[in-house]
Every structure is written in structure tokens, then in C-alpha cells.
Amino acid sequence: MGRKTGVTPEQTRAELVEAAARVFALKGYDGASIADIIDDAGLSRGSVYTHFPSKAELFIAVVREHGRQDYLDLIGLEQTEDLADLSSVVGSVNEFLALVGSSFASRPPTDAPILVEAIVASKRDPEVSELVTSWILEIEDLIAAAIASAQERGAISPDVNAAALARFATLVDLAARLAGGMDLPAVDDDGWSDLVSGLVTSIRNPPHD
């Protein structure tokens, strides 16, 4: 069986990612096979390799899609909207930290099991490790761009190391995603927001008279 009649390449790709998400969640990265995924999707092996050169590439597509959907849900964007300019939808870095910390802690992100699997698979498969690292750095670059935008507006001191702050925000994001997938008690939203506000006070530019 090849591509389904009347289905676009984009729809075929989406079906493969959805099927792969189900199979990887059930069997893990090592236990899942391309045969399992195409059986679930009802497609041919050729249809997989038309879109994804390897199982690792397909796995990272699942990781990316789940992560993107969680961001969209978090910030209230539609599926069709673009995340390329994070600063356009998140007013400040402390707002971003407050959002990911409180929301992911109280609402388990859909990508938590996939993210755990990605970390485990990265230890065994160099290709997965390279792709996961690239994905995380892309997130960090988005956050760094938002920080640079805030520095240009005068909301964050130009003396702050943007790369270091972007890494801190990325680590909070990833840790919140992982914690959100566990049965930890939710942190009070106001308490988290107050904590974040206190932590970032030192990076703000003082108001001008």
C-alpha cells in the first residue's frame, strides 16, 4: 500500500507522525520498528522514507510536534500560527517562566513521555542524540531572541548575559515538562509567579525618571 488515494503529501506526513507517536509511546524508541509504524498508519514503507530518511528523523518529528502543540496550548495560539517569534506572543521572560512553570506543573504536557523517551534514546543512539540536541537548541534560540527583543525595548538590562538567561529559561521549560508528567502535587500559580518575579527582578532595567 502506498499513499492513500486523495490524500496530500502533507496529510500523509501527518498520519505517519500520529502513527509513530502511538507506536513510540507503546513500545519506546528501541522497541518500535518502521514496520510497526506503517502497519498502524496503513501506509507503505516507501511512504515513510519519502518524508523521513530514518527512524530517528521520524522520532524527532514526533518530539517536535508534541512540543510545538504544548507551546501553542500554553500561550493560547491556534494550530496554524507560527512560533518563530516567541517575543510576539510572550511579553517578557518572567511571564514565559511563570507560564511554563505553573501551567506545565498543573497540566501535564502531552510530550512528557516522549521527552523522557528522547532522553533515554539519546544515550543509545548518536543520531537521536544529535537531533534532540538540535531541537533543544532551537527552543533556546527562540527564547534568546525574545530576551534580545526585551533588551532592545529596555525591559531587561543590557548587562544581562542573554545566552545564560536563555539556557536558564530552557532548563526551567524542560524540567517543568518532565515534572508535569509525574504525579507531583501542583504548585500554586500565584506562588510560582511570585517566585519567578523575585528571581528576575535583578535582570530588569531600572525605570527611567
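Here, the structure is the one placed above.
A quick note: this is a predicted structure, and the numbers were derived from the prediction, not measured. (Residues numbered from 1 in each chain as written. Predicted model: local features only at pLDDT ≥ 70, side-chain atom pairs only at ≥ 80, totals over all residues. Heavy atoms only, no water.)

Student: What should I look at first to understand the overall build of the protein chain in this one?
Tutor: Helix and strand counts for the protein chain stand at 9 helices and 0 strands. Counting from the amino terminus, the protein chain carries its helices and strands in the arrangement α-α-α-α-α-α-α-α-α. In the protein chain, buried positions account for 42% of the 209 residues. In the protein chain, of all internal contacts separated by at least 6 residues, the share reaching a separation of at least 24 is 70%. (Helix = DSSP H or I, 4+ residues; strand = E, 2+ residues; numbered from the N terminus. Buried < 20%, exposed > 50% of the residue type's maximum accessible area, 1.4 Å probe, protein only. Contact = heavy atoms within 4.5 Å.)

Student: Would you mind going over helix H2 (residues 34-41) with me for this structure?
Tutor: Residues separated by three or four positions in an α-helix point in the same direction, a consequence of the helix having 3.6 residues per turn. All buried positions along H2 are accounted for by Ile34, Ile37, Ile38 and Ala41. Buried residues of H2 fall within an arc of 95° about the axis and therefore sit on the same side. (Arc of directions from axis to C-beta.)

Student: Before we go on, may I ask you to explain helix H1 (residues 9-31) in this structure?
Tutor: The end-to-end C-alpha distance of H1 is 27 Å, clearly below the 33 Å that 23 residues give at a rise of 1.5 Å each. The axis of H1 is deflected most strongly, by about 85°, at alanine 25. (Expected span 1.5 Å × (residues − 1). Bend = angle between axes of the 7 residues up to and from the residue.)

Student: Before we go on, may I ask you to explain a nonpolar patch on the surface in this structure?
Tutor: On the surface, a cluster of nonpolar side chains totalling about 290 Å² of accessible area is made up of Phe168, Leu195 and Leu199. Mapped onto the fold, leucine 199 is located in helix H9 (residues 189-200). Judged by its relative accessible area of 51%, leucine 199 is exposed. (Patch = residues over 30% accessible without salt bridge, like charges linked within 9 Å, V, L, I, M, F, W, Y side chains within 5 Å. Areas by Shrake-Rupley, 256 points an atom, 1.4 Å probe, with all protein chains shown as cover. Salt bridge = Lys/Arg side-chain N within 4 Å of Asp/Glu carboxyl O.)

Student: For this particular structure, what's the right way to read the pattern of salt bridges?
Tutor: Note that side chains of opposite charge can pair when their charged atoms are close. Per the counting criterion, the structure on display carries 5 salt bridges. A salt bridge links arginine 167 to glutamate 140; the nearest nitrogen and oxygen atoms lie 2.5 Å apart. Placement of arginine 167 in helix H8 (residues 162-180) and of glutamate 140 in helix H7 (residues 126-153) is noted, with a sequence separation of 27 residues between them. Its relative accessible area of 10% is what places glutamate 140 among the buried residues.

Student: Which parts of the structure should I look at to understand the packing of aromatic side chains?
Tutor: Here the distance between the centres and the angle between the planes together describe a pair of aromatic rings. Within this structure, the stated rule accounts for 3 aromatic pairs. Judged by centre distance (5.9 Å) and plane angle (25°), the ring pair of phenylalanine 24 and tyrosine 29 falls under stacked. Taking the relative accessible area as the measure of exposure, phenylalanine 24 reaches 2% and is therefore buried. When the ring of phenylalanine 24 is compared with that of phenylalanine 59, the centres are 4.9 Å apart and the planes differ by 80°; the resulting orientation is edge-to-face. Of this pair, phenylalanine 24 sits in helix H1 while phenylalanine 59 sits in helix H4 (residues 55-75); the two residues are 35 residues apart in sequence, bridging distant segments of the chain. Through a chain of ring-to-ring contacts, the aromatic side chains of Phe24, Tyr29 and Phe59 assemble into a single cluster. (Phe/Tyr/Trp six-rings, centres within 6.5 Å; stacked < 30°, edge-to-face > 60°.)

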